[in-house]
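Coordinates in review
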Amino acid sequence: MTVEFAVAAALFAGVLFYAVLGGADFGSGFHDLTAGGARRGAEVRTLIDYSIGPVWEANHVWLIYVLVTWWTGFPETFAAAMTTLYVPLVLALVGIVLRGASFAFRKFSETLWQARLFGVVFAMSSVLAPFFLGTIAGSIASGRVPAGGNGDPWSSWINPTSLFTGAISVGTCAFLAGTFLTADAARRGEAALAQRLRVRSLVVGAATGAVVFAALIPIEHDAPTLWEGLIGRAAPVMALSALGGIATLVLLWRRRFGIARLTAVVAVAAVMAGWGIGQYPWVLVDEVTIAEAAGAPATMQGLLVAVGIAAVVVGPALAYLFYLTQSPQWNGESQEHAQAGRGHWSDRLED
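Definitions and limits used
Residues numbered from 1 in each chain as written. Predicted model: local features only at pLDDT ≥ 70, side-chain atom pairs only at ≥ 80, totals over all residues. Heavy atoms only, no water. Axes fitted to C-alpha atoms, helices over the stretch in contact; angles between N-to-C directions. Helix = DSSP H or I, 4+ residues; strand = E, 2+ residues; numbered from the N terminus. Parallel < 35°, antiparallel > 145°, perpendicular 65-115°, else oblique. Contact = heavy atoms within 4.5 Å. Nonpolar A, V, L, I, M, F, W, Y, C, P; charged D, E, K, R; others polar. Expected span 1.5 Å × (residues − 1). Buried < 20%, exposed > 50% of the residue type's maximum accessible area, 1.4 Å probe, protein only. Salt bridge = Lys/Arg side-chain N within 4 Å of Asp/Glu carboxyl O. Patch = residues over 30% accessible without salt bridge, like charges linked within 9 Å, V, L, I, M, F, W, Y side chains within 5 Å. Areas by Shrake-Rupley, 256 points an atom, 1.4 Å probe, with all protein chains shown as cover. Phe/Tyr/Trp six-rings, centres within 6.5 Å; stacked < 30°, edge-to-face > 60°. Lys NZ or Arg CZ within 6 Å of the ring centre and 35° of its normal.

Comments concerning the packing of helix α2 (residues 42–52) against helix α8 (residues 160–187)
Their axes nearest at 10 Å, the elements α2 and α8 cross at an angle of 100°. The angle between α2 and α8 places the two elements in the roughly perpendicular class. Listed contacts from α8 to Leu47, Ile48 and Ser51 of α2 are Leu181, Asp184 and Ala185. Here the contact of α2 with α8 is built from residues that sort into four nonpolar, one polar and one charged.

Focus on unusual backbone geometry
The peptide bond linking tyrosine 280 to proline 281 adopts the cis configuration, its omega dihedral lying at 10°. One can find proline 281 in the loop between α12 (257–279) and β1 (282–284).

Digging into helix α14 (residues 297–325)
In this model α14 runs 41 Å from its N-terminal to its C-terminal C-alpha over 29 residues, within 8% of the 42 Å that 1.5 Å per residue would give. Those residues of α14 that fall on the buried side of the exposure criterion are Met300, Leu303, Val307, Leu318 and Thr325.

Here's the deal with the pattern of salt bridges
Applying the stated criterion across every chain, the model contains five salt bridges. A salt bridge links arginine 45 to aspartate 32; its shortest N-O distance comes to 3.2 Å. Pair noted here: arginine 45 is in helix α2 and aspartate 32 is in helix α1 (residues 3–33), with a separation of 13 residues, a long-range link. Judged by its relative accessible area of 10%, arginine 45 falls in the buried class. Given a relative accessible area of 2%, aspartate 32 falls into the buried group. In this structure, aspartate 49 and arginine 106 form a salt bridge, with 3.1 Å as the shortest nitrogen-oxygen distance. Taken together, the residues span a long stretch of sequence, with aspartate 49 in helix α2 and arginine 106 in helix α6 (residues 86–107) at a distance of 57 residues. Pair check on accessibility: aspartate 49 and arginine 106 agree, each one buried. Connected through salt bridges with shared partners, the residues Asp32, Arg45, Asp49 and Arg106 form a single ionic network.

Observations concerning the environment of leucine 303
As for its position among the elements, leucine 303 is in helix α14. Distance in space between the C-alpha atoms of leucine 303 and glycine 151 is 29 Å, their sequence separation being 152 residues.

Thoughts on a nonpolar patch on the surface
A cluster of nonpolar side chains, Val61, Val305, Ile309, Val312, Val313 and Val314, forms an exposed patch at the surface whose accessible area comes to about 510 Å². The element that contributes the greatest number of residues to the nonpolar patch is α14, accounting for five residues. Of note, valine 61 is situated in helix α4 (residues 61–73).

Here's the deal with the packing of aromatic side chains
Note on aromatic pairs: each is described by the distance of the centres and the angle between the planes. Tallied over the entire structure, the rule returns 13 aromatic pairs. Ring centres of tryptophan 71 and phenylalanine 78 lie 5.7 Å apart, and the angle between their planes is 65°; on these two criteria the pair is classed as edge-to-face. Given the relative accessible area of 15%, phenylalanine 78 is considered buried. One aromatic cluster in this structure is built from Phe131, Phe132, Trp154 and Trp157. In this arrangement the basic side chain of arginine 198 is found over the ring face of tryptophan 253, its NZ or CZ atom lying 5.4 Å from the centre.

In structure tokens, the structure reads:
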């Protein structure tokens with residue numbers, strides 16, 4: 001294994017973590033958006049607040065990790081992507097910032113119209129951010145980012161592969177979040193809410209699977225290099241993703257919510273891994289390979305040392321955070337918070 005490949009693998013591991021953990025956070029916005037009016041959607045929105053509240057900021061650590069590793073390890077390709085895809089990058093960044101601010105402000109809104117305003121901003125930006133991030137991945141995978149940068153700022157991401165990738169990104173986030181929220185509702189004894197989210201997740205999962213298969217048609221002609229990789233070396237991983245998605249739907253149907261969360265993670269992680277394997281060995285498809293894009297050897301070695309230190313220091317802390325949010329003590333406190341949250345929504349409705 002070369003040092004360039006090791007850094008690229010560490011970089012892509014961050015992409016996988018962000019897709020799964022950050023994706024579940026983004027997907028909660030879809031369910032917030034489609035929860036219904038203030039009264040009907042109160043239960044769903046309260047569950048979202050207390051399910052993602054402790055972890056949503058921590059999950060964005062992975063985005064920072066990916067960007068820093070990319071510009072340090074493969075600086076010329078980073079510059080090429082930034083100067084070509086600045087439109088979707090800025091839109092995704094605006095979505096992330098507005099999403100975080102609105103999520104925080106909504107909790108402390110004193111009136112219903114304020115809560116609705118911040119809720120709409122939170123929900124819409126939670127859908128738009130993963131869409132634009134998906135179009136960026138599609139642009140790179142379809143070979144539309146030139147090695148010298150400054151590619152077309154519009155056609156680079158407004159094309160069949162990028163738009164389908166954006167739609168798939170939104171769908172997988174919503175499916176993953178729905179599965180997690182369903183399990184959370186069931187674990188807290190909210191059977192009616194769990195049933196409601198279960199139906200939503202089944203519909204979203206089936207729709208996302210249909211979009212994934214539909215995307216294969218334009219990708220074959222629009223991104224031939226990626227297509228060859230997907231039907232070649234990445235085929236087993238893509239098959240695993242399909243099996244994971246089907247298993248999740250079956251488990252949701254049978255109300256095995258705890259196990260469904262694991263298979264949903266497998267499905268999303270595998271489809272992302274399939275994209276990475278299908279694109280290998282390119283950083284910018286048809287333009288620059290991993291070996292060609294790598295920075296100075298000393299820089300790459302230093303990056304690996306930094307990644308190792310981060311894995312030892314940050315990894316256990318994040319794991320402990322997620323462990324705490326799944327502990328019985330947290331679940332008991334969340335029940336009390338949920339009752340208070342629903343009361344807070346009721347107070348604003350009366351106002």
